Every structure is written in C-alpha cells, then in structure tokens.
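Each chain, written out:
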Amino acid sequence: MSRIDSYDHLLRQGGLDRRSLGKLAAMLGAGAAIGAMLPGLARAQETPKKGGDLMIGITGGATTDTLSPLPSTASIHTCSSFMWGNCLVEYGTDGSAVPELAESWEPSADAKTWKFNIRKGVTFHDGKELDAEDVVWSLNLHRGENSESGASGYMKQVVDIKADGKHAVIIELDSGNADLPYLLTDYHMIMMPKDGDVTSGNGTGGYKITEFDPGVRVFGERNENYWKEGRAHAATVELVAISDPAARTAALQTGQINIMERVDPKTVELMGRVPGIVIHQAAGGGHYPLLMRCDTAPFDNVDLRLALKHAANREDIVDKVLRGLGKIGNDHPVPSGDPFFASSLEQRTYDPDKAKFHLKKAGYGGEALPLSTSDAAFAGAVDTAVLFQQHASAAGINIEIVREPSDGYWNDVWMKKPFCLSYWGGRPTADLMLSVAYKSDAAWNDTFWRRPDFDKILIEARAELDTAKRQEMYTQLQTMIRDDGGALIPMFNDFVDASTEQVKNFELSPQYGLCGMRAPERVWLDA
Amino acid sequence: MPDLVRLIGKRLLLGLLTLFAVSVLVFAGTELLPGDLAEVILGQSATPEAVAAIRAKLHLGDPAIVRYWRWFSGVLTGDLGNSLASGRPISTVLAPRLGATLFLASVAAVIAVPLAITLGLLSALWRDRTFDKSASAATLAAISMPEFFIGYLLVYIFAVQLGWFPAISRISPSAGFGDRLWAIALPALTLTMVTTGHMMRMTRAAIVQVLAAPYVEMSELKGTPRKAIIFRHALPNAIGPIANVVVLNLAFLVVGVILVEVVFVYPGMGQLMVDAVAKRDIPLIQACAIVFAITYVGLNMLADIVSILANPRLRHPR
C-alpha cells in the first residue's frame, strides 16, 4: 500500500529497529551520518530540478492566522512555519530523528541531561548567525505558565535550558526521557533570533516569506543562503488557503495548484483515475476515537466500556467511513508502524456475544447511551456514529446519537460530554502519545482515565535506554489502555494528498500529510 | 417640496435607528455564541493556563455592557478597534475584503440588472408567447438550484472541461483590471444566474399588473401604441416594486455570497465573517455585521426614496 509500510518491513527484516539505530547513532554523536543515510533509502533516484513556482492548496486558513509558530494548530500554519524555519531536530520520513539545526546530541546515562550541539554557520534571513543563545530563547518561549505555545504541555518536564558555549545547549529534565530529540521535532518549536518578533517569519528556513495575507495566502521566495543541502528546490512557494475540498480538487485538476492537501475519501478513487494526478497516501498515527469518560456513570464501569469495545465492527467502519484509507485500531493509540507497537497484543474483533456477556456483568438494563457527534470531530464522524449504533444494537446496546453543532465542538463537547467522537493527530513517539492523552495528570486526558500504576511504568519506560525492556513496558501500557481505558479506537486514518505528476519526491511521513508538512522544502517540480 | 424633504429625512432617521437596533442585536447575538475566544484560539491545544493568559490579555472578563459601549463609541468615531484574535486593526482587515466583495458584486450587478429588466420588459411585452415562456423557464431553473451547485457546474464546464476560466478566483495584488475580470468570470456568472431570475420575474409581474389597470385600458382604447403604453405609463408606475427587488438582490450580492466565495475561494466579506465567527473574534464579527447592516438598510432606504420620487401618491399619505 503506502511506501511507509514497505520500509517498515525492510527494516524489520534487517532485525534492527530504526529507533534503536537512531539512538545508538545519537549517543555516538554520529547522528548526522545515520540520519542522512536513512532518508536516502526513501529518496527517488532522480536528480532534483531547481526552480519553478510551487503552489499548494491547503486547509485551515483563517483571518486570524499569524506567522508566530507558538499557537499553531492548522495545516497552513504548520506548513508555513516549516517554510521559513527549522527545528533542532527533523522528523524523518522513516520515523527517525534527523539532525536539523542540532548537528548531534548526547544524553546522560539516565537520559535526564541532554547536550545538543548546534550547527555552525547557519544564518537567519536577516543575516544574523544562529547561536546557542537564540536556541535557549526560542525554546524558553514554550515554557512557563503564561506561554501561549501549543507545546507548553510537553515542555513541563524541562527543568532548565542553558547555553554551553556558543554552539551547544544543555537541556535538563525532571526525569529521564530517551525520546527528547523527537520532542524537539514539534512544529511549534521553530528556532528564531533571540529577542526577535515571533510573528516576523525571520528564521533559518528555505523560504523567505515575502507576502502574507492571513486566511488567503502565504508566499515565499527561495532563501539563496539556505544551509540545508539538496532541499528547497522551487524558486517560490505559495500556500493557498482552500477550505472547500471540491474547490481544491478543481484547482488541482485545472493546474492552478500543484499539490492539494486532504483528498476527500469519497472522491479519492475517482481522482486517482484522472490522468496526470497522483494520489499520495501515508499511513500514520492519526486516529479517530470514541471517548468514554471513565469518571462519569455509566462509563465508569469497565465492563460497560469493554462491551462497547466488543460491539464495534472495525472493518465495516474502515470500509465505509474511510473507504479503506486507513487501518483498524485495537483500542490503544499506538499505530502499527510505531517501533513500540504491541504486535503481540491480540486484535479485538466484532463480537456481539462477548459484548452481551460484559453488559450483563455491568448490569446494563437497555437504557439509551447518548453519543455526541459532529463532523467537526472528523469528516465522517456522524456516519461513524450511525454505523456504530447499528453494530451495537446487534448486541442489545441502545446508542442514542446526539448531533452537536460543529461550532464550539472542542469547547462544549470534547472533554465535557461523557461519550463523544474525537480525533488525534499522530505523535512522533509512543511516549508522547501516551503522555499527552493517557497519563493521569495530562491536560488532554480526554477519557479521564487515571491509573497510578500506568503513570509509573510510563515514566520508567521514558527513561529506559534498553530497547527490549522498553518494548515490554510499552506493550504493557498498550494492554492496560486496551482492556481498561476509556477510548474505543476503531480506526487509524491515512493522510491522503494529491498532486500533479510534475511534483517529484513527495516523501510520505507517518506524522502528517504534505510530507509531514514539509512539502515546500522537500518536493521539486519536473516542469 | 418641503414635504418631500421631510419624508426623506424621516426615512433616513428610521434607517439610523434600525442600524442602532441592529448593533445592539449583533452584540447580544455574539454574546450568545458557545465557547469563548481564548479557548477557540487555542483549539484542541487549550490548557487552562494558556486560556487564562489569553483571557486576561484581551479583557474578556469585563461586563458585556462595558464592552458594548467601548465598541459602539469607537464605531461612532470611525475606530473599529483591533481584531481580538490576530491583533491587527479591523479596518485594515476589512478594507481589502470589502473591496473584493464590492468588485464582484458590481460586476455581477452590471450584468444582471440591465439583463433582468430587459428580459422582464420583453416578457411582459410578449406575454405568454414563446419568448416569455422560455425566459421564464430558464430563469426559474437557475434560481431553483442552490448557488453552490451552479458554481460547481460552471467550474466543471468552463474550468475543468473547457479550460477557459480559472477554477478558483485568486487575484494577485498586481493584477490589472482585465486579469481581475477574467479571474472572477465564473463567480460573477454564478451570481448573475442566481439573481437575474428573481429580478426579471418581479419586473414582468409589476408591469403586467400595471397593464391590467383601468387607465391602461383607457389608453389602449384611445389607440396608444403598445410600446408607448409600456414605456410611458407602465414602467414609471412599476419603478417602485422593481427598485425594491433590484436592491434586495444588490444586497444579496454583498451579504449573501458566502457559498459562492467558498466555492471559488474568493477572499471576500462572507468568508471573513465566517472565519470571525469560528474564532469568536467578536469585534470583527460586529464590524462585519455592521457593514452588512449598513449595506442592507442603506440600499432599502434608497429603494424607498426612489419609490417616493417615482410615485407622487406616496408623497401625500392620506
């Protein structure tokens, strides 16, 4: 299916999992060499052409858009940040941590103190040279009570950040975290010059933003001094905000844009048949859960939760809602492409009899269970609710569908109503995914599931540097969520984009669509 | 004459009162929106601390009446304030959007209004003949379809299949007048199609109604040619209702084009207002609503004044 799967396969066969390879390399301080080698596997054997005007039809534009990377949530925002800026670490197409503005890094033995060596000779668009002070300032924007950063949650584990000379930065954590480099790939954490204006778009990236019309377009010209070899090929890049999928499709078909983000699953098959258009499908960590609040009756009863989990026909939902553009889930949030995916864990299947058994144990008397839904949660959320209602009724469960307004869904429904549909984007590591949504004190613990024993193993696993031991711990964590947690996760959704065939080197990423939002600097045009 | 001035003055005053009432309603309406700005700006990534930080920065804790007065007194002095969400002055956000919408609306109006009135006149002239029936059927078909459907249909035929016009209407800042016209060809055509039918049928009905009046019959009996009857007697008497339906459609071209803007990705007022609502950017919502209200109330006022001027009987209410 997607290219990601085949690389996974390749690497597994080699008996060496990427993550440990990457970490080994990082510990030896040779991250650059390995990092450069791995994406090489994925790169097409063609010589990139320079020049051309790349136009991307992208979602999420709003008049409130800003160039500040701190509050970033939507695609256009994230993608524009990667146009003008870089992180310390790049999330590789194969899931590895590739050195970006940090040339290499070394953790202490307990993974509590990390040293990042900053690349020399990199300049910002205004000509100032990047140094350790800029890095410390940029990272500190994401810390503290008043930070408006979307990454402030992850950064709570950071105790101190300080410069070590002009080209190294020391990051100290409250407990060990072997995945810290992955954390620094987060799209909020773009490096900017110290004491600069965060909305200026002055970064070290491949494109200088020359025109910015919030909610309409972001236009950049190639940064001729770009430090990164073999990247940023097009002469100009323009992100065009097109929220309507039909309009994006028409614009791609008529050649007004070269790439369109997010193909509607309903039309993907038709689009694939149009000559000159290529569909890019990336499997990843994005998933669509049905969230049950474990602190609210009747969902505080584990048997009722299990009954509902057994009452979902996952294949049917993936077929009908995702039109096959995804994978079935096993009620935990770690995707099968993740190195720490619990492959030994049995896949849960549709079993109305088992559901009935647990219903009886839960003392369920046939009362209606209201399920809040809206297509604000994801495209097809209402259909999912209806399908699930049918599946569940075969087990004698009475699901009552509550259609909520799209407006305000995230304020008034998500984390408020006891049973609702939601979505999660992919996270670069299993630890991050489990930490942001399942740890007892996580800000986004949207199932309100609290297990101190889970938290304890999670923190230990984070600091564990032995991969085999870590695998065992993560399997244990996934099992706990699957059998006790409040999330019914029927499916992982693929990211589906399309482009004209002139677009080359569209490197799929398991994390997001549009080459992990880095399409502007990765693709080139074969005009 | 002083009567006329007083009448128009009264109408203007009524318009201003309406606008004031609208401003209060708009403010009350925005208060009722679910969720608050701080949470919406942050979306799914809202942590309690981040929400509190933004709320404090934006003075969201002040009572509603204080915030209303702060805003309304600003509007009176021409200061629309800053967008809460982006921090930019609202006038700079609004101006290009309003310009874009007015440009599209004017082009559509310049085509649609003469076309509709001519078609309406001809239909009335040739009532129940083939021309009348086919014009009626065609325009009825056009107004029966939702405008986004017409938009997609035109995109499919003229952009995807024939390749004559662009599928999305993007206007770069440096584009000349010709390029601009070319870029908005399809949305303008869509709007022409959805508004012409309404205006044409109203024109036809108004004239047909006047033609049934006793004085027209008298004039017919006296042997006045049919064309002269229509242009000298019927049309002036039908101006009131025609003006009304024309301004109603002009107002629609400004305030009701959101679907067309979405289909053609045209950065106009409708899109701006939807964005503002989604982000709970209250001052921006209010500014958009006031602009829409001024357009609507102003155009209706214009129609009333035209009716007063065209129909002497209205100047002497009994």
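Peer 1: Is there a simple way to think about the overall build of chain A in this case?
Peer 2: When helices and strands are tallied, chain A shows 18 helices and 21 strands. For 527 residues, the compact-globule formula gives about 24 Å, and the C-alpha radius of gyration of chain A, at 23 Å, lands near that figure. Projecting the C-alpha coordinates of chain A onto the three principal axes gives extents of approximately 70 × 55 × 45 Å. For chain A, the residues scored as buried account for 62% of the 527 residues in total. In chain A, the share of contacts with a sequence separation of at least 24, taken over all contacts with a separation of at least 6, comes to 71%. A total of about 18900 Å² of accessible surface is found on chain A, and carbon and sulfur atoms cover 51% of it. Side-chain charges of chain A comprise 54 positive and 72 negative groups, with the mean position of each set lying 3 Å from the other.

Peer 1: Where do I start with the sheet that holds strand β10 (residues 236–241) of chain A in this structure?
Peer 2: Neighbouring strands of a sheet are bound in pairs by backbone hydrogen bonds; such pairs are parallel or else antiparallel. Residues and elements named next belong to chain A. The strand order across the open sheet formed by seven strands is β8-β9-β10-β1-β11-β19-β12, and the pairing between neighbours is mixed. Each end of this open sheet is capped by a strand with a single partner; those strands are β8 (207–213) and β12 (277–282). Two elements, β12 and strand β19 (residues 495–500), share six bridges in a ladder whose sense is antiparallel. What sits directly across from Ile277, in β19, is Thr500.

Peer 1: Could you clarify how one ought to interpret empty space enclosed by the protein in this entry?
Peer 2: Left-over empty space is what a probe sized like a water molecule reveals as it rolls over the atoms. All names here are of chain A. A complete count under the given rule lists four cavities of 30 Å³ or more for this structure. In this structure, the second largest cavity encloses a volume near 90 Å³. What lines the second largest cavity is simply Phe82, Tyr91, Thr185, Asp186, Tyr187, Ser509, Gln511, Tyr512, Cys515, Gly516, Arg518 and Arg522. Looking at the lining of the second largest cavity residue by residue, the class counts come to five nonpolar, four polar and three charged.

Peer 1: Can you walk me through the packing of helix α14 (residues 430–437) of chain A against helix α15 (residues 452–463) of chain A in this structure?
Peer 2: In a packed pair of helices, the relevant descriptors are the angle between the two axes and the axis-to-axis distance. Residues and elements named next belong to chain A. Orientation of α14 relative to α15, taken along the N-to-C sense of each, is 150°, at an axis distance of 11 Å. In terms of axis orientation, α14 runs roughly antiparallel to α15. Considering the relative orientation of α14 and α15, their crossing is left-handed. Between α14 and α15, the contacting residues are Asp431, Leu434 and Ser435 on the first element and Phe454, Leu458 and Arg462 on the second. For the contact of α14 with α15, the class distribution of residues is three nonpolar, one polar and two charged.

Peer 1: Looking at this model, I keep getting lost on the side chain of Arg119(A). Mind explaining?
Peer 2: Residues and elements named next belong to chain A. Of note, Arg119 is situated in the loop between β5 (113–118) and α5 (132–140). Buried and unpaired, Arg119 has Glu103 as its nearest opposite-charge partner, separated by 4.3 Å. Here Glu100 takes part through its backbone oxygen, which lies 2.7 Å from a polar atom of the side chain of Arg119. Excluding anything up to four places from it in sequence, Arg119 contacts Pro99, Glu100, Leu101, Ala102, Glu103, Leu130, His167 and Trp227.

About the thresholds
Starting afresh in each chain, residues are numbered from 1 along the sequence in its written order. For this description, chains carry letters from A and ligands carry numbers from 1, given in the order in which they are written. Reporting of local features is limited, given that this is a predicted model, to residues whose pLDDT is at least 70; pairs of side-chain atoms are given and counted only at 80 or more, and all residues count toward the totals for whole chains, interfaces and linings. To get the side-chain values, take all heavy atoms of the structure and skip hydrogens and water. Going along the chain from the N terminus, every DSSP run of H or I of four or more residues is numbered as a helix, and every run of E of two or more is numbered as a strand. All radius of gyration figures rest on C-alpha atoms, and the globule criterion is 2.2 Å times the number of residues raised to 0.38. A 1.4 Å probe rolled over the protein chains alone gives each residue an accessible area, and that area as a share of the maximum for its type sets the label: buried under 20%, exposed over 50%, partly exposed in between. By the convention used here, residues are in contact when the closest approach between their heavy atoms is within 4.5 Å. For accessible areas, the Shrake-Rupley method is used with a probe of radius 1.4 Å. Any residue's cover is judged against the shown protein chains and nothing else. The charge count includes Lys and Arg as positive and Asp and Glu as negative, but it does not include His or the ends of the chains. In plain terms, the charge of a residue is placed at NZ if it is Lys, CZ if Arg, CG if Asp and CD if Glu. Think of it this way: DSSP has to see at least two bridges between two strands before they count as a pair. Each cavity reported here is a set of points on a 1 Å grid over the protein atoms alone in which a 1.4 Å probe fits but cannot get out, each pocket an open set with protein on both sides within 12 Å along at least five of seven lines, and each lining residue one with an atom within 4 Å of a point. Grid points are joined across faces, edges and corners, and a volume is the space filled by probe spheres set on the points. Under the scheme applied here, ten amino acids are nonpolar (Ala, Val, Leu, Ile, Met, Phe, Trp, Tyr, Cys and Pro), four are charged (Asp, Glu, Lys and Arg), and all others, including Gly, are polar. Axes, fitted as lines to C-alpha atoms, cover a helix only where it is in contact. Angles between the N-to-C directions of the axes lie from 0 to 180 degrees. Any angle from 65 to 115 degrees is called roughly perpendicular, while one under 35 is roughly parallel, one over 145 is roughly antiparallel, and all others are oblique. The sense of a crossing depends on the near helix, which, turned anticlockwise from the far helix by less than a right angle, makes the crossing left-handed and, turned clockwise, makes it right-handed. Definition used for salt bridges: Asp or Glu carboxyl oxygen within 4 Å of a side-chain nitrogen of Lys or Arg. Here a polar contact is taken to be a pair of N or O atoms separated by no more than 3.5 Å, where protein atoms must pair a possible hydrogen donor with a possible acceptor and residues adjacent in sequence count only if both atoms sit in side chains.

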